[in-house]
Structures are given as C-alpha cells and as structure tokens.
Amino acid sequence: MKVDAAKIKNLWLSAAVVLAVLLALALIVANTVLGPLNLDEGWYLLAARNFAAGARPYRDFFFTQAPMMPAVYGALVSQWSHIGVLGGRMLTAQFGLLASVLASLAAARLAGQGRRLVAGATVFLLLQCNVAHSYFTVIPKTYALASLFVSGGALALACAWTASRRAIVVACGVAGGALLALAAATRLSLGAMLPVIGLWLLAVRRRHPGLWLWFGIGGALGLAAGLLPFVMADWEAFAFANFFHGGRAGGGLSLPLGSVSRLARNYMPLVMLGIIAIARGGGECVRGAEPVSQDEGPASQGCLRGFCWMALAAFAAAFLVHVSAPFPYDDYQTPIMPLAAIAASALFWSAADESRQGPLLFAFAVAAALFAFTSPMNESWLVLRKDRFWVEKKAKPDVWAMHLTARNVDVMFPPGEPLLTQDAYLAVDSGRSVPPGFEMGPFGYFADLSDDEARRFHVLNRNLALEAIRSGRYQLVALSDYAFSMSAPELKKNDAERAVIDAALAERYVLDCIVPDFGQEHTPLRIWRLK
C-alpha cells in the first residue's frame, strides 16, 4: 500500500507540474503574439538601441527609468533588434520565465525536504500561470528584468539564510545584495527594499552573524556598478528624468484604491493563498535540511517564518512607494510579486499535510488554469472594441498590424532615414531613429520649458517641436492620437497642444494616409509626407 500511495502521489504531482508548464508556455505565446501594444515598449527598446550605438541615458537622451534595462537590452541588441518589437518581447519573455523559475527555487530552498517540489511549483503557478503577470513580464518594459533581479536576490538570500557553511553565507549574502541593488538600478522605486532587508538582517545578526554586512557590501557593489556611472556622468539630467514623475497630476484617493483593487483582482489566487497561509500559521525552522526547535524563535538560523516576514516587509516597502505615486498603475507592483509568492507558498506548505501534497497541488494547478481562463485580460488578445451590443474583433494582432505599417513606411521613403514620431515602437519596427528629444514620446514633451532647459535635458518644448516640423529635415511624420496630446510633467490631456502641432504640419507636409486602429488603444495613425 505504501508503494501504491507513493505512486499515486507522484502521479498527482507530475500531472500538476505538466499542467503548470503547458499553461505557462501557452500564456507566454499568447501574450507575445496577441498581447496589446504598449507605448512603453517602443521607448525602452529605442533606448536600448541608442545605448548599443554608444549613447547613454540622461547624458545623451532623455530616459525616465534607471539605466539597467537599456544597458542589458543594448548588450543583447543583436538578439532582438532585427525582429523589432516582437523580438523585444521574445527576449523579455525569457527574462520573465527565468525570474519565475528563480523565485520557485527560492521557495523550494526555504521549504526544506519533502516540500521542495510543491512549494516551488506553487510559486510558478502563482506567477507564470497568471495572465496579468505573464503579460507584464512579456512586453519589454522594466518589469521582467527587475523581477529577474528580485527573484535572483531572493534565491541568494534564501541560500544564505538556510546555510550552515560560512563560505556559502558570505557568497550568497553578497550576491543577494548585489542583485537587489541591480533591481533598484532597473527601477529606482525598488531601492526601498534595500534598507528594509539590511535593517532586518542587522536585527537578527545574533542568529545570522555577518549576513547583514555581506548583504550591505553586495548592495554597495551593485549600486556602484549599475547606477553610479550614470549618475556621475550627469547628475542633474539623471535627477530631472527620474523624478519628474512627482509633478504628474494625481486623482485623489480613488487612484491608489483602484490600483490596489485591480492588483488584488489580477493576483487573487496569491491573495487567497497568502491569507490562508498566515491564518494557518506554520513556518517550521530549518537549518539546511534539518528541523530546528521552534523555541529558538522567529529569528533563529534558517527560520522559514522569519525569512518570509522579511520578504513581506521588503514587499510592503516597495508596494507603498508604488501606491503613493501621483498616478499609481497597478502593474508597477509586478517586479515585487515574486516576494509575496515565495512567502505565501513557503508558509502554506510548511503547515500542510504531507500526505495530501499531490491532490492539493493538482487542485491548485486546475484552479490557476480556471483563473487564467476567466481573466478579463484575455479579451484584449482578440477584441478591438465594443460597440453597444456588438463586439468588433481585431483583423490581425496589434504587433503584426504595426509590423505591416512599418513595412509600408519603408516603401514610402528610404530605409535608415529618421522618422519624426512620438510612437517609438513604429521607429523600432522599421529600424529607424527618431529626432533628438522624441525618444520618450509624449513623456518627453515639456511644452512650457525654456529652450535652454529643453536642450539641456534632451526633451522637447513647444518651440523645439515646431522647429523640427518646420525645418523640413524629415521626409515623413507619423503621429497617433497619443502624440502631443499632453504636456509633461502634469501629463494632463491637452488638445490645444495637438492643434498647434497639426497647424504646423499642414504648412510643410501633406497628409498621405491614415492607418486606423493603430498601437495602444487603437487610435488613428496619421502619416504625413513632406511637400
């Protein structure tokens, strides 16, 4: 009977793992090919191409994030640039998948013998089998790369936390600090995690001697390598680019509440598992693979509960920074969700009946599949818009429609010529550059900034934008309804600005064609040809 029970358990576990892998791959393919376009994709990929060409963010062009993403994607430009935005998505999907695998390994490391597979598989289901998480770690924004560093840092710290050999503690402590610092060098808001983890490790230094120091050394090295060179190159431009978001117009309490509501909806399995795990208690203390007496307390060497609360404290620090932003998008939280998944999974399985692991994991895999099937984001793969009772479907995926538009641009005027556009993904897909100041699209348009300041920070103001249009240096102009529709830093809708731009275009250009349902939110793209 014992042999039969073991076989049955293995069948349950195998079925759950296979379902998780197939579901994750299906979501990656669907989001890569069918996922709606996002303006950020073009800005970030264009920044990476500029980096590969020798330009540097802040010093040479305006870029509103920390510098690590253009540095990494720029180093790998030969792997994706020839495919355009789709190539960027394919590379990003690999980062996102690897991040989920590392987070799964961290949970497995913490869970200890007999629970490693179920704890790791649960994290994988919570992240990679979640439609929203899969989408935001497929499109080339900063989330996948930042998530990779966060998950890698969590895995390194989990190894240091549970290790008994000093050499492992030192190496993993330094690696954990360095990787989390690189996450901050990808998105500055993630830097909020560093002091929280450092202070936590300092508080438990009697049980984890020296770990706080090695973590701090690693963090300092990571910041010195990933951030310091760019800050020193042009501190003023760096500060202008990264902190102008504070000037965005907010919307009161409704925005953060809505952000948290959407986040909870998108990650409901993780929310529910976390509530159950905390309510059930658990958190067996382990040293390597051996249990340790709970009497040693939550700060004991290798105590699962202590590590999980540290991870949740770091999560909370970054979460609060994101939700306190003037316009707090719920997807800002994507890179830190691995921390919550690791803690929820490890705590849950530490208190679960080992004999029920197989059926429980399979049931969770089925639940994850059903949750993915019912996600409201799935409609965006195929639905263009709704008109009263009727649903209008997309004739082709957004990425492919943009690719065809880019090929038409190539036919209209010589390849290699700059394209005057604020829709950077069109320039990326056609292999073209954009005029100076156009790199960040509408986010780089500061209408009322002085000419000297605009040139200093590599952005556009009204005068420089009109000068670029009236100069006649650019044969083709392509503008969607997003272009010049707002002015930084408030980023409020401003139709008057677009009217001024359109009037200047009419002086030097003739409207050649209108591409309907283009790009993000499917607005018309107007292509103008020089008279």
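Residues numbered from 1 in each chain as written. Predicted model: local features only at pLDDT ≥ 70, side-chain atom pairs only at ≥ 80, totals over all residues. Heavy atoms only, no water.

Focus: the overall build of the chain
Alright, step 1. Broken down by element type, the chain carries 24 helices and ten strands.
Alright, step 2. Its C-alpha radius of gyration of 25 Å places the chain within 12% of the 24 Å reference for a compact globule of 531 residues.
Alright, step 3. Taken along its principal axes, the extent of the C-alpha atoms in the chain is 85 × 55 × 45 Å.
Alright, step 4. Counting across all 531 residues of the chain, residues that qualify as buried make up 56%.
Alright, step 5. Summarising the internal contacts of the chain: among those between residues at least 6 apart in sequence, 71% fall at separations of at least 24. (Helix = DSSP H or I, 4+ residues; strand = E, 2+ residues; numbered from the N terminus. Rg over C-alpha atoms; globule rule 2.2 N^0.38 Å. Buried < 20%, exposed > 50% of the residue type's maximum accessible area, 1.4 Å probe, protein only. Contact = heavy atoms within 4.5 Å.)

Notes on the sheet that holds strand β6 (residues 476-480)
Alright, step 1. Read across the open sheet, the four strands follow the order β5-β6-β10-β9; overall the sheet is mixed. Each edge of the sheet is formed by a strand with only one pairing partner; in this case those strands are β5 (420-421) and β9 (509-518).
Alright, step 2. Note: β6 against strand β10 (residues 523-530), five bridges, orientation antiparallel. Bridge pairing in β10 places Leu476 opposite Arg529. (Pairing = 2+ DSSP bridges.)

Thoughts on the nonpolar core
Alright, step 1. Counting 169 residues, the largest nonpolar core has Tyr73, Met193, Leu426 and Phe484 as its most contacted members.
Alright, step 2. For this core, the element with the highest residue contribution is helix α8 (residues 143-162), accounting for 13 residues.
Alright, step 3. Sequence-distant contacts of Met193, that is, excluding residues within four places in its chain, are made with Val150, Leu180, Ala314, Ala318, Ile336 and Leu339.
Alright, step 4. One finds Phe136, Ile139, Tyr143 and Tyr332 within the second-largest nonpolar core, a separate group that totals five residues. (Core = buried A, V, L, I, M, F, W, Y, C linked by side-chain atoms within 4.5 Å.)

Here's the deal with the pairing of β6
Two faces make up the sheet, and in a regular strand the side chains alternate between them.
Alright, step 1. Counting buried residues in β6 gives five out of five residues, a clear majority hidden from the surface.
Alright, step 2. Here β6 shows a buried face lined by Leu476, Ala478 and Ser480 and a second buried face lined by Val477 and Leu479.
Alright, step 3. Here two bridges tie β5 to β6, and the two strands are oriented parallel to one another. Looking at β6, one finds that Thr421 is bridged to Ala478.

With respect to helix α6 (residues 116-127)
Alright, step 1. Over its twelve residues, α6 extends 17 Å from the first C-alpha to the last, a length consistent with the 16 Å expected when each residue adds 1.5 Å.
Alright, step 2. Burial of α6 is extensive: ten of the twelve residues sit out of reach of the surface.
Alright, step 3. Along α6, the residues classified as buried are Val118, Ala119, Gly120, Ala121, Thr122, Val123, Phe124, Leu125, Leu126 and Leu127. (Expected span 1.5 Å × (residues − 1).)

Quick notes on the environment of Val321
Alright, step 1. Mapping Val321 onto the fold places it in helix α16 (residues 304-323).
Alright, step 2. When the C-alpha positions of Val321 and Leu127 are compared, they lie 22 Å apart, and in sequence the two are 194 residues distant.

As for the layout of surface pockets
Alright, step 1. Roughly 360 Å³ of internal volume is contained in the second largest pocket.
Alright, step 2. Elements supplying a minimum of two residues to the lining of the second largest pocket: α14 (254-266), α15 (268-280), α16 and α17 (337-350).
Alright, step 3. Class assignment for the residues of the lining of the second largest pocket results in 16 nonpolar, one polar and no charged. (1 Å grid on protein atoms, 1.4 Å probe; cavity = no way out; pocket = protein on both sides within 12 Å on 5 of 7 lines; lining within 4 Å. Points joined across faces, edges and corners; volume = space filled by probe spheres on them. Nonpolar A, V, L, I, M, F, W, Y, C, P; charged D, E, K, R; others polar.)

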